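Listed below, chain by chain, are the residues.
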Amino acid sequence: MISFSNVNKWYGDYHALVDINAEVKQGEVVVVCGPSGSGKSTLIRTVNRLEEIQSGQLQFNGQDVHSPMGHRELNQLRSQIGFVFQSFNLFPHMSVLENITFSPMRVRGVSRDAAQAKAMALLERVGLAGKAQAFPAQLSGGQQQRVAIARALAMEPPAMLFDEPTSALDPEMVGEVLAVMRSLAHEGMTMMCVTHEMGFAREVADRVWFMDAGSILEMADPKDFFSHPQHPRAQRFLTDLRAH
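Residues numbered from 1 in each chain as written. Predicted model: local features only at pLDDT ≥ 70, side-chain atom pairs only at ≥ 80, totals over all residues. Heavy atoms only, no water.

Trainee: I tried to follow the layout of surface pockets on my own but got confused; where do I start?
Mentor: It is the rolling of a water-molecule-sized probe over the atoms that shows where space remains empty. Here the largest pocket defines a volume of roughly 770 Å³. As for the largest pocket, its lining consists of 23 residues, of which Arg78, Ser79, Ser103, Val107 and Met155 are closest to the centre. Residue assignment for the lining of the largest pocket shows that the elements contributing at least two residues are helix H2 (71-78), strand E6 (81-84), helix H3 (96-108) and helix H5 (141-153). Broken down by class, the residue content of the lining of the largest pocket amounts to 10 nonpolar, 9 polar and 4 charged. (1 Å grid on protein atoms, 1.4 Å probe; cavity = no way out; pocket = protein on both sides within 12 Å on 5 of 7 lines; lining within 4 Å. Points joined across faces, edges and corners; volume = space filled by probe spheres on them. Helix = DSSP H or I, 4+ residues; strand = E, 2+ residues; numbered from the N terminus. Nonpolar A, V, L, I, M, F, W, Y, C, P; charged D, E, K, R; others polar.)

Right under this line is the structure:
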């Protein structure tokens, strides 16, 4: 569903992504991990073109993501890729219900009644049916992130991207967000997750990609990665994690 071939990205002289070759199959859950500054978030943000690449090719569902396209085509592409940010990115002046119904109505032309029925079903699913009329500022971080997941799901995307979805949360709220992600994975959603939650990676991922200095240094089954990492940098990363 997502394929990177010889993808490179620079910020000025800084080589942020170095010859990335990888693929995410339909229904697969890939967790991207690695030290801070390794290129994880940059990588995931190239998939829906929040970051441009300078060379190589990136395909989503057979479409060349970085080919020349107009604003409308780009919006069409992005509407197929659910994206959940570290900082929630909800519209603060809209209620929870309005946040979730806005894109289906504006981008896909769904009727208000249908959009609201879908939104209520999604809020039920993420455990927030009672919060439809609340505003983001009235919610905890964990609740805001669950609304953000419901908002992404409202567009019925074939794939979901998560960019460190729990790193801005207090520890007691992390579990409620991971529980929603876990249920999505069990239903067969194609997912690419940048996260420091190694328990989630071990339990839910089909594949772990380990990155450092803009390169994917190791791709492995979680069991193998956590018990026998091959690359010395991955071994050091896991040793440091265990020490913490």
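Trainee: Please explain the sheet that holds strand E7 (residues 159-163) as it appears in this structure.
Mentor: The strand order E6-E7-E8-E3-E9-E10 describes an open sheet built from 6 strands, whose pairing is mixed. The sheet is open, and its two edges are formed by E6 and strand E10 (215-220), each paired on a single side. Across the sheet, the mean angle from the axis of one strand to that of its neighbour is 15°, orientation sign disregarded. The sheet strands contacting helix H6 (residues 171-186) are strand E3 (29-33), E7 and strand E8 (190-194), and the helix crosses E8 at an angle near 145°. With respect to the sheet, helix H9 (residues 232-243) is in contact with E3, strand E9 (207-212) and E10, its orientation differing from that of E9 by roughly 100°. (Pairing = 2+ DSSP bridges. Axes fitted to C-alpha atoms, helices over the stretch in contact; angles between N-to-C directions. Contact = heavy atoms within 4.5 Å.)

Trainee: Is there a simple way to explain the packing of H5 against H6 in this structure?
Mentor: Between two packed helices, what matters for the description is the angle formed by their axes and the separation of those axes. Where H5 meets H6, the axes come as close as 8 Å, and the angle between the chain directions of the two elements is 20°. By the angle class used here, H5 and H6 are roughly parallel. As for the relative orientation of H5 and H6, their crossing is right-handed in sense. Here H5 contributes Gly141, Gly142, Gln143, Gln145, Arg146, Ile149 and Leu153 to the contact with H6, which in turn contributes Met173, Glu176, Val177, Val180, Met181 and Leu184. Residue composition of the contact of H5 with H6, grouped by class: 7 nonpolar, 4 polar and 2 charged. (Parallel < 35°, antiparallel > 145°, perpendicular 65-115°, else oblique. Left-handed = near helix turned anticlockwise from the far one by under 90°.)

Trainee: What am I meant to see in the packing of aromatic side chains here?
Mentor: Remark: the centre distance and the inter-plane angle together describe each pair of aromatic rings, the angle taken between the planes. Going through the model one piece at a time under the given rule, you end up with 6 aromatic pairs. Relative to Phe225, the ring of Phe210 lies with its centre 6.1 Å away and its plane at 35°, an arrangement referred to as tilted. With Phe210 in strand E9 and Phe225 in helix H8 (residues 222-227), the pair connects residues that are 15 residues apart, well separated along the chain. The pair formed by Phe210 and Phe225 is uniform in burial state, with each residue classed as buried. In textbook terms, an aromatic cluster arises when at least three aromatic residues are bridged by ring pairs, as seen for Phe210, Phe225, Phe226 and Phe237. Sitting over the ring of Phe226, Arg202 keeps its end group 4.6 Å from the ring centre. (Phe/Tyr/Trp six-rings, centres within 6.5 Å; stacked < 30°, edge-to-face > 60°. Buried < 20%, exposed > 50% of the residue type's maximum accessible area, 1.4 Å probe, protein only. Lys NZ or Arg CZ within 6 Å of the ring centre and 35° of its normal.)

Trainee: Looking at this structure, how should I read the pattern of salt bridges?
Mentor: A side chain with one charge can pair with a side chain of the opposite charge if their charged atoms come near. Inspection of the entire model under this criterion finds 10 salt bridges. Across the pair Lys9 and Glu51 runs a salt bridge, and its minimum N-O distance is 3.7 Å. On the criterion of sequence distance, the pair formed by Lys9 in strand E1 (residues 2-11) and Glu51 in the loop between helix H1 (40-47) and strand E4 (55-60) is long-range, its members being 42 residues apart. Residue classification places Lys9 among the buried positions, given a relative accessible area of 5%. Relative accessible area serves as the criterion here: at 17%, Glu51 is assigned to the buried category. (Salt bridge = Lys/Arg side-chain N within 4 Å of Asp/Glu carboxyl O.)

Trainee: What am I meant to see in the nonpolar core here?
Mentor: In this structure, Ile149, Met160, Phe162, Met181, Met191 and Phe225 are the most contacted members of the largest nonpolar core, which totals 51 residues. In terms of residues, this core owes the most to one element, H6, which gives 8 residues. When neighbours within four sequence positions are excluded, Phe162 is seen to be in contact with Ile44, Val84, Ile149, Met181, Leu184, Met191, Met192, Cys193 and Val194. Of all hydrophobic cores here, the second largest spans 30 residues; its members include Ile2, Ala22, Phe83 and Met192. (Core = buried A, V, L, I, M, F, W, Y, C linked by side-chain atoms within 4.5 Å.)

Trainee: So what exactly am I meant to see when it comes to the sheet that holds E4 here?
Mentor: Taken together, 4 strands build an open sheet; the order of strands is E2-E1-E4-E5 and the sheet is antiparallel. Here the strands that pair on one side only, and so sit at the sheet edges, are strand E2 (14-24) and strand E5 (63-64). Sheet strands in contact with H1 are E1, E2 and E4, and its direction is about 120° off that of E1.

No statement about biological role is implied by the geometric values presented.
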